[in-house]
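Topology and contacts: notes
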Amino acid sequence: MASRAFIFDLDGTVYRGGAAIPGASRFLNRLIRDGVPFVFVTNRANRTSAEVADQLIKLGIPCTEHMVLTSAQATAAYLGGVKAYLIGGKGVEQALASVVVGDFLMTDILAAHNAQMSSVLILTGVSKREDIASAPCSPTWIVEDYSELETVVYPGPNGR
Ligand SMILES: [Mg+2]
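Just so it is clear, the model here is predicted, and its values are computed rather than measured.

**Brief notes about the nonpolar core**
Counting 37 residues, the largest nonpolar core has Phe 6, Ile 7, Phe 8, Val 14, Ala 24, Phe 40 and Val 101 as the members making the most contacts within it. When near neighbours in sequence (up to four residues on either side) are disregarded, Ala 24 contacts Val 14, Ile 61 and Tyr 146.

Here is the structure:
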């Protein structure tokens, strides 16, 4: 899964209960170092991108307000809007195959499926491994945590 763009769900994926998910900051900093574009999406309409970015920075998550898409901005069907943003966005010059990373089968993974995008279910939030069998669609990858996500994104003997 090399050189893709990533779309991260926030609650349960990047933070939970006021704390960053372990490994999230390290992984996201690695993406930045490698020039891999990513954005955050939230379906909470009551906060601005700047407010969300401030919260993430306080948790040690690398972020600017331009990397946060709220549902108010992604007016097209959730990920459809994000996909257009990523492909058209700054620093993304070719059409990249975007990968959704999320913790909830019924929103994140289903939306990715409907948008014909690849997805990673990260088991740090709502959905559990045993939920997959009864879900309407399956994620492309399933990982326990950021450590496992890193091995999926950077396969090979040197972690690249
Ligand atoms: Mg979530």
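**Quick notes on helix α1 (residues 24–33)**
The α-helix winds at 3.6 residues per turn, so residues separated by three or four positions along the chain end up facing the same way. Residues of α1 that are buried: Ala 24, Phe 27 and Leu 28. Along the long axis of α1, the arc covered by the buried residues comes to 95°, so they all point the same way. If you follow the buried residues of α1, they end up packed against β3 (19–20), β4 (38–42) and α5 (146–153). Just past α1, the residue Gly 35 takes up positive phi, approximately 70°.

**Brief notes about helix α4 (residues 105–114)**
Within α4, seven of the ten residues are buried, which leaves it mostly tucked inside the rest of the structure. Listing the buried residues of α4 in full gives Leu 105, Asp 108, Ile 109, Leu 110, Ala 111, Ala 112 and His 113. Two residues or fewer past α4, Gln 116 is found with a positive phi of approximately 55°.

**Some remarks on the sheet that holds strand β5 (residues 68–70)**
With respect to topology, six strands assemble into an open sheet ordered β5-β4-β1-β6-β7-β8, the strand pairing being parallel. Bordering the open sheet on either side are β5 and β8 (141–143), each of which pairs with just one other strand. On average, each strand axis in the sheet is inclined to that of its neighbour by 25°, with strand direction left out of account. Strand direction decides the pairing type here: strand β6 (residues 98–102) and strand β7 (residues 118–122), joined by four bridges, are parallel. Note on β7: the bridge partner recorded for Val 100 is Ser 119. Those strands touched by helix α2 (residues 49–58) are β4 and β5, and its axis lies near 130° from that of β5. The sheet strands contacting α5 are β7 and β8, and the helix crosses β8 at an angle near 145°.

The rules behind the values
Residues numbered from 1 in each chain as written. Predicted model: local features only at pLDDT ≥ 70, side-chain atom pairs only at ≥ 80, totals over all residues. Core = buried A, V, L, I, M, F, W, Y, C linked by C-beta atoms within 7 Å. Buried ≥ 20, exposed ≤ 12 C-beta atoms within 10 Å, placed from the backbone. Contact = placed C-beta atoms within 7 Å. Helix = DSSP H or I, 4+ residues; strand = E, 2+ residues; numbered from the N terminus. Arc of directions from axis to C-beta. Pairing = 2+ DSSP bridges. Axes fitted to C-alpha atoms, helices over the stretch in contact; angles between N-to-C directions.

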